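Structure assessment
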Amino acid sequence: MIKQSFDNFSDTNAKGLTRKSFDNLLSALLVNEDNKPYHIPIQWKTHLFNLFDTNGDDIIDNQEFQQMWNNWIHTILEPTSALIVVDVQNDFISGSLAINKCEAGQQGEEVIPVINQLLDTIPFNKVFYSQDWHPSDHISFYENRTLRKFSSIEGKCPSNVNLYDTVVFEGPPQTRQKLWPNHCIQQTWGSLLHSQLKIVDNSVFIYKGTQSHIDSYSVFWDNQRLSQTNLDQQLQGLGVSDVYVCGIATDICVGYTAVDSCQLGYRTVLIDDGCRGVSDTAINQTKQQLDRNLAVCVHSNQVYHLVTGSDRRPELAYKMAIKQLDH
Ligand code: VGL
Ligand code: ZN
């Protein structure tokens, strides 16, 4: 039905789409699951038209329409979606870095029923589970601080540095690092995924923070962007357009992963009730940063409509078009 309405646009305008008929197309394309059009900022409409009108003659002709369909509309109607379940590990839920003892006082285990329900009901094309996976001499552990030279950013004497302080290790590479309690040490109980988390068939596990001298909050990159996991490569291989992120902690590993996902060009969705975090201020900052990057933050009950292409958000559509400009 949608395809027909777009075919009509191209047929009835023999020369192609004018700005006016392009606006009508946007109103039919960018709708919610009840077919209600989303508000689209006027600057976005203008920018989009100019992008697709590649020869600048103020008409999207047949050839330009073809390009727009293949590179843009097709993905909006039929996205390819991956879910990244970030660090739903024992230590963050009830172990040495249980987030319920952190400032925001949130309960990590509450993500489990939400994520399991998503895994049971949503046709994701692929599911990835990440694990924070540290060697015992890892740089992020407060207990290991004397293994390497560092200075305190608050000018404290190194012997007065406390748990959760941020310090600068001399390196190389020189690294700012928050000092956490020992957590997620490879092969220990704390590093295991929570036993109630559902593991789906054909899913992929990604390990991060595996090198002693550098931390890795994002599932894509280490904190200095010196090395990558193979997540981006795998997503590209699968032709993934849309990345959904949930897990622990919203303002740390989930947030860094979502921001990197935006920057790598994926249409990115944070599943708000599928995440729990450490600090209220940082959680809000993370959401604002995602907003600026044209990610969307949704409740889990909206994910089905997004994955099946019936809820089609302007932010994600616009972001994808700009990305193509960058290439
Ligand atoms: C995390 C602190 C330290 C996380 C990992 O998974 O959010 N937080 N390492
Ligand atoms: Zn860690």
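Residues numbered from 1 in each chain as written. Chains lettered and ligands numbered in written order. Predicted model: local features only at pLDDT ≥ 70, side-chain atom pairs only at ≥ 80, totals over all residues. Heavy atoms only, no water.

Some thoughts on the overall build of the protein chain
Threshold: A helix here means a DSSP run of H or I that spans at least four residues, while a strand means a run of E at least two residues long, and both kinds are numbered starting from the N terminus. Each residue is placed in one exposure class: buried if its accessible area under a 1.4 Å probe, protein chains only, is under 20% of its type's maximum, exposed if it is over 50%, and partly exposed if it falls in between. Whether two residues touch is decided by their heavy atoms; if any such pair falls within 4.5 Å, the residues are in contact. Every accessible area reported is derived by Shrake-Rupley at a probe size of 1.4 Å, with residue values counting cover from the shown protein chains alone. We score Asp and Glu as negative and Lys and Arg as positive, and we do not count His or the chain ends. For this purpose, a charge sits on NZ of Lys, CZ of Arg, CG of Asp or CD of Glu.
For the protein chain, the helix and strand inventory stands at 11 helices and 9 strands. Projecting the C-alpha coordinates of the protein chain onto the three principal axes gives extents of approximately 75 × 40 × 35 Å. The proportion of buried residues among the 327 residues of the protein chain is 54%. Taking the intrachain contacts of the protein chain between residues at least 6 apart in sequence as the baseline, contacts between residues at least 24 apart amount to 72%. In the structure as shown, the protein chain presents an accessible area of about 15100 Å², 46% of it carried by carbon and sulfur atoms. The distance from the centre of the 25 positive side-chain charges to the centre of the 37 negative ones in the protein chain is 2 Å.

Concerning the packing of helix 2 (residues 19–29) against helix 3 (residues 42–52)
Stated formally: Orientation is described by lines fitted to C-alpha atoms, with helices fitted over the stretch in contact, and by angles between N-to-C directions that extend from 0 to 180 degrees. Under this scheme an angle from 65 to 115 degrees is roughly perpendicular, one under 35 degrees roughly parallel, and one over 145 degrees roughly antiparallel; angles in between are oblique. Crossing handedness: left-handed means the near helix sits turned counterclockwise from the far one by under a right angle, and right-handed means the same turn made clockwise.
Following both chains from N to C, one finds helix 2 and helix 3 inclined at 110°, their axes separated by 11 Å at the closest point. Classified by the interaxial angle, the pair formed by helix 2 and helix 3 is roughly perpendicular. Here helix 2 and helix 3 pass one another in a crossing that is right-handed. From helix 2, Arg19, Phe22, Asp23 and Leu26 reach across to helix 3, where they touch Lys45, Thr46, Leu48, Phe49, Asn50 and Phe52.

Remarks on the domain arrangement of the protein chain
For clarity, the threshold we go by: Residue ranges for the domains originate in an automatic or database domain assignment. Buried area, as used here, totals the accessible surface that two parts lose on assembly, with accessibility defined by a 1.4 Å probe and the loss added over both. Salt bridges are defined as contacts in which a side-chain nitrogen from Lys or Arg sits within 4 Å of a carboxyl oxygen from Asp or Glu. N or O atoms closer than or at 3.5 Å make up a polar contact, with two conditions inside protein: a donor-capable atom paired with an acceptor-capable one, and, for residues adjacent in sequence, both atoms drawn from side chains. Each residue is assigned to one of three groups, with Ala, Val, Leu, Ile, Met, Phe, Trp, Tyr, Cys and Pro labelled nonpolar, Asp, Glu, Lys and Arg labelled charged, and all others, Gly among them, labelled polar.
The assigned domain composition of the protein chain is domain 1 (6–77), domain 2 (81–138 + 189–307) and domain 3 (142–179). Once you take the C-alpha centre of each, domain 2 and domain 3 turn out to be 26 Å apart. Every contact between the two is made by 11 residues of domain 2 and, on the other side, 10 residues of domain 3. Interface of domain 2 and domain 3: buried area, both sides summed, is about 730 Å²; carbon and sulfur atoms make up 43% of it. In terms of surface lost to domain 3, no three residues of domain 2 exceed Asp137, His213 and Gln224, which account for 43% of the buried area on that side. Between the two partners, domain 2 and domain 3, sit 0 salt bridges. Across the domain 2-domain 3 interface, the total number found is 6 residue pairs in polar contact (both at pLDDT 80 or more). Grouping the amino acids of the side of domain 2 that touches domain 3 by side-chain chemistry returns 4 nonpolar, 5 polar and 2 charged.

Some thoughts on the coordination of the zinc ion (ligand 2)
Put simply, the rule reads: Nitrogen, oxygen and sulfur within 2.8 Å of a metal are treated as its donors, or within 3.2 Å for sodium, potassium and calcium (Na, K, Ca); water is not counted, so a site can appear incomplete. Site shape is set this way: if four donors have all angles between 85 and 135 degrees, tetrahedral; if opposite donors are over 155 degrees apart and all others between 65 and 115, square planar for four donors and octahedral for six; otherwise irregular.
Protein-derived ligands of the zinc ion (ligand 2) are Asp132 (OD), His134 (NE2) and His183 (NE2), with the metal-ligand distances lying across 2.0 to 2.2 Å. Coordination at the zinc ion (ligand 2) is irregular, judged from the 4 donor atoms that bind it and the angles of 86 to 171° they form at the metal. In terms of primary sequence, the donors binding the zinc ion (ligand 2) are separated according to D-x1-H-x48-H.

Here we look at the packing of aromatic side chains
Any pair of aromatic rings gets described here by the distance separating the centres and the angle formed by the planes. Keep this limit in mind: Pairing of aromatic rings covers Phe, Tyr and the six-membered ring of Trp, with a centre-to-centre limit of 6.5 Å; geometry is then stacked below 30 degrees between planes, edge-to-face above 60, and tilted otherwise.
With the rule as written, the count across this model stands at 12 aromatic pairs. Ring geometry for Phe22 and Phe49: centres 5.5 Å apart, planes at 75°, overall edge-to-face. Of this pair, Phe22 sits in helix 2 while Phe49 sits in helix 3, placing them 27 residues apart in sequence. No difference in accessibility class separates Phe22 from Phe49, as the two residues are buried. With a centroid separation of 4.8 Å and 55° between ring planes, the pair formed by Trp133 and Tyr207 is classed as tilted. One end of the pair, Trp133, is in the loop between strand 2 (126–132) and strand 3 (150–152); the other, Tyr207, is in strand 6 (residues 204–208), and 74 residues separate them in sequence.

Some thoughts on helix 6 (residues 111–121)
Think of an α-helix as turning once every 3.6 residues; residues three or four places apart then point the same way. Of all the positions in helix 6, only Val111, Ile112, Val114, Ile115, Asn116, Leu118 and Leu119 are classed as buried. Buried-residue contacts for helix 6 involve strand 1 (81–86), helix 5 (90–93), strand 2, strand 7 (242–248), strand 8 (267–276) and helix 10 (303–307).

Focus on unusual backbone geometry
The amide bond that connects Pro172 to the next residue, Pro173, takes the cis arrangement and shows omega of -5°. Structurally, the position occupied by Pro173 is in the loop between strand 4 (166–169) and strand 5 (175–178). Residue Ala249 is bonded to the preceding Ile248 through a cis peptide linkage, with omega at -5°. With respect to the helices and strands, the residue Ala249 is situated in the loop between strand 7 and helix 8 (250–263). Unlike most non-glycine residues, Asn35 shows phi in positive territory, near 65°. Topologically, Asn35 is positioned in the loop between helix 2 and helix 3.

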